[in-house]
Amino acid sequence: MTTGAHPLTARQAEDPQGRVGWQVTAAHQRALLLGGVAALAAIVSRRIDLLVLAVPMLVVATWGWAARPRATAAERHPASAGRHTGSDVVARASVGNRTLPEGTATRWRAEIELPPGAEEVTVRLSPGYFVAVDPRAELDSLARPDNGVVRVGIVARTTRWGPRRIGPGLVQARSAWWAYRTAVLQVGRFAVTATPASGRVEVDAPTPHPEGLVGVNRSARPGSGSELAAIRPWQPGDRLRRIHWPSSLREQASGGTLQVRTNYADEDAHVVLVVDALSDIGPREGIDGRPTSLDLTVRACAALAHHWLGAGDRVSLRVLGSADLPRLGSAAGAAQLRRIVDVLARISPATDRELTTVRALDGLVSGSLVVVLTPLVHPALAGVVLGAAARGLATVVIDTLPDHLGSADEDVYTELAWRIRRLDRRDELERLRAAGVPVVPWRGPGSLDLVLRDLARRARAPRVVRR
Amino acid sequence: MSTVIGSRLVRLAGWAAAAARRALGVEAAGGPAAVATATAVLAPGLVLLLVHVGTGLLSTGWILLAALAGWASVRWADTVVPLLGWLSLLALWALAAPQPAWLAVPAAVVLLLGHSATAWLAGAPDDVRAEPALRRRWVGRLVAVAAVTVAVGALAPVAARLAAGGSVALTTVVLIGLAGWLRLVSRARD
């Protein structure tokens, strides 16, 4: 039992109703047999020393038997049929948040009803995949309180985004001298969703091609926004509140006409976030370790969505390489942010390599800002990006290949393979840059400022595109 | 002086537990599990030592038996193996009949501790963190049973000297009654 295996995992009995009965332990049988044999030998041989040896075992065995868990008289009454519980142990569990950002914790709670005679209960929460349970957080072997209900709360922390499982909790109760115990009861297995951590992104640059109805980006056309465009002579149809009185007075002195102030319109932009889930490169160490390429991708995507949706823009999401994920259409607001992080949390990398890259750009309209988040390892992605650029869409590539990959601490063959791969990538990056597509390594807040300013400037300049 | 000896004994027990856990491939753990492992491993050897003190016999075979019993108690704590080990030691005691008879008192206490330690190892995770009330309850009960054992060990020779016929069988019955009474007292206090 103590060879490294967790005693609570050695014998598991799962009951759909969270109920489990009692069984005699080897310790009780040992005490009974040792005491009985020694007492018998003492009686037969009339030896005091053998009687003394029998004393502790006899006392322990008798004590353990007398204190065994039993149903109370009220519970044995026929009127209590259908209710809890006889001498069974009944456990119920719940969990706090079902959706939580990675790196944050939730509390798994259990309520265990112990019958009279049950003296203590041990509760453990089995750690799940990328779910950390602090082993030193709380006591896990507890005495039965007077009301017979033990309440336990264990903190579990998700350490990586994605669908996660918290639990089950393993519950085992024991009687006096551990003469009787229950089988290990599994209770409370909960599916939770860990959403990608979206750090704060500070993008001060305007979004290119704002063509919506309302928003915060300065449009190229005049309208009723807040940014000054020009001051011009009054025309029929101009509103009185737009008259610029200082200029009008100066013009009147020289015989001119009324002057009015014109503004640029404020509009929202459409941002298309394209996530490359065709591969996930690097060791998966969770939020406390080094990120994989997909970790960087989804966290960057969540952060950008958070920023642009917060700024009032419309954002849509396309995930390439992950099966059974919907394309999220263009929408704005907090609900869209929730939808985006939910889809990102459900990404299963490299489960769909067929049609997603071919149809990646279907339905995109001009004026959209296409942001492709990719480690640029899969060769199809460069084609997608070049296709978007050729259609005249403002396209930005965010390079999410982690810096630590291919570092000197890898073995010589891995390092060599990475060198070759990086040479290939360099060629692809050059091709993209030659096509006018900026490639920005993801460095967190402020990564996109310079590039977006350039794109906004270029968007206003005349150009020739291939149709 | 006694504090120094006590701390050295604790250190020795810790060292023995660590060595035993390393030898058995048991996960590292501290607290009650380490004490229980040390107790379960050392208990058979202590009983054999008492047999040796009472009979003057100690051979390599005995040491091997003690090592086997201690190892088995930890390795297969939740099986019938510890019972077989203790039954073997009991048979050895019955055959060797160590003298003086009061040596049975410390042997019985060691048996109690070894049994309880094995029960703990069989039922609790290695790194279990028990409520202080539970630890106090265990210690209190062990002291109570040890006190009963000492009392019986002290009174039985007196009864034998008085030639009270059938004292062993009578004592056995009284013991069972006493255990029931202890249980009632314990429940009332809890």
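Residues numbered from 1 in each chain as written. Chains lettered and ligands numbered in written order. Predicted model: local features only at pLDDT ≥ 70, side-chain atom pairs only at ≥ 80, totals over all residues.

### Thoughts on the overall build of chain A
Along the backbone of chain A there are 10 helices and 23 strands. Looking at chain A as a whole, 45% of its 467 residues qualify as buried. Sequence-distant contacts in chain A: of pairs separated by 6 or more residues, those separated by 24 or more amount to 74%. (Helix = DSSP H or I, 4+ residues; strand = E, 2+ residues; numbered from the N terminus. Buried ≥ 20, exposed ≤ 12 C-beta atoms within 10 Å, placed from the backbone. Contact = placed C-beta atoms within 7 Å.)

### Observations concerning helix α4 (residues 81-96) of chain B
Residue and element names in this part refer to chain B. Compared with the 22 Å implied by 1.5 Å per residue over 16 residues, the 23 Å span of α4 between its first and last C-alpha is a close match. Residues of α4 that are buried: Pro82, Leu83, Gly85, Trp86, Leu89, Leu90 and Trp93. When α4 is viewed along its axis, its buried side chains cluster within an angular range of 160° and face the same direction. α4 presents Ala91 and Leu95 as exposed residues on the side facing more than 90 degrees away from its buried surface. (Expected span 1.5 Å × (residues − 1). Arc of directions from axis to C-beta.)

### Observations regarding the pairing of strand β21 (residues 368-374) of chain A
Residue and element names in this part refer to chain A. Counting buried residues in β21 gives seven out of seven residues, a clear majority hidden from the surface. Here β21 shows two buried faces, one formed by Ser368, Val370, Val372 and Thr374 and the other by Leu369, Val371 and Leu373. The sheet contact formed by strand β18 (residues 270-276) and β21 spans six bridges and is parallel. Residue leucine 273 lies in a different strand from β21, and its bridge partner there is valine 371. The pairing of β21 with strand β22 (residues 394-399) spans six bridges and is classified as parallel. Bridge assignment links valine 371 to a residue of β22, and that residue is valine 396. With helix α8 (residues 379-390) bridging β21 and the parallel β22, this β-α-β connection has right-handed handedness. (Pairing = 2+ DSSP bridges. Right-handed = clockwise from strand over helix to strand, strands pointing away.)

### Things to note about the sheet that holds strand β15 (residues 190-195) of chain A
Residues and elements named next belong to chain A. The strand order β5-β15-β11 describes an open sheet built from three strands, whose pairing is mixed. The open sheet has two free edges, formed respectively by β5 (99-101) and β11 (162-166), since each of these has just one partner strand. Across the sheet, the mean angle from the axis of one strand to that of its neighbour is 35°, orientation sign disregarded. Two elements, β5 and β15, share three bridges in a ladder whose sense is parallel. Its bridge partner being in β15, proline 101 is matched across the sheet by threonine 195. (Axes fitted to C-alpha atoms, helices over the stretch in contact; angles between N-to-C directions.)

### Remarks on the interface of chain A and chain B
Where the parts come together, the accessible area they lose is often given as the size of the interface. Each partner contributes to the interface: chain A provides 49 residues, whereas chain B provides 59 residues. Mapped onto the side of chain A that touches chain B, the elements with two or more residues apiece are α1 (7-10), α2 (26-45), α3 (48-66), β7 (118-125) and β9 (141-143) of chain A. Looking at which element gives the most residues to the side of chain A that touches chain B, the answer is α3 of chain A, with 15 residues. Taken together, the residues of the side of chain A that touches chain B sort by class into 33 nonpolar, eight polar and eight charged. (Nonpolar A, V, L, I, M, F, W, Y, C, P; charged D, E, K, R; others polar.)

### Structural notes on the packing of helix α6 (residues 293-310) of chain A against helix α7 (residues 334-345) of chain A
Residues and elements named next belong to chain A. Contact pair α6 / α7: the axes reach a minimum separation of 10 Å and the direction vectors enclose 175°. In terms of axis orientation, α6 runs roughly antiparallel to α7. Every residue of α7 that contacts α6 at Val298, Cys301, Ala302, Ala305, His306 and Leu309 is listed here: Gln336, Leu337, Ile340, Val341 and Leu344. Of the residues contributing to the contact of α6 with α7, the split by class is nine nonpolar, two polar and no charged. (Parallel < 35°, antiparallel > 145°, perpendicular 65-115°, else oblique.)

Geometric values such as these leave the question of function open.
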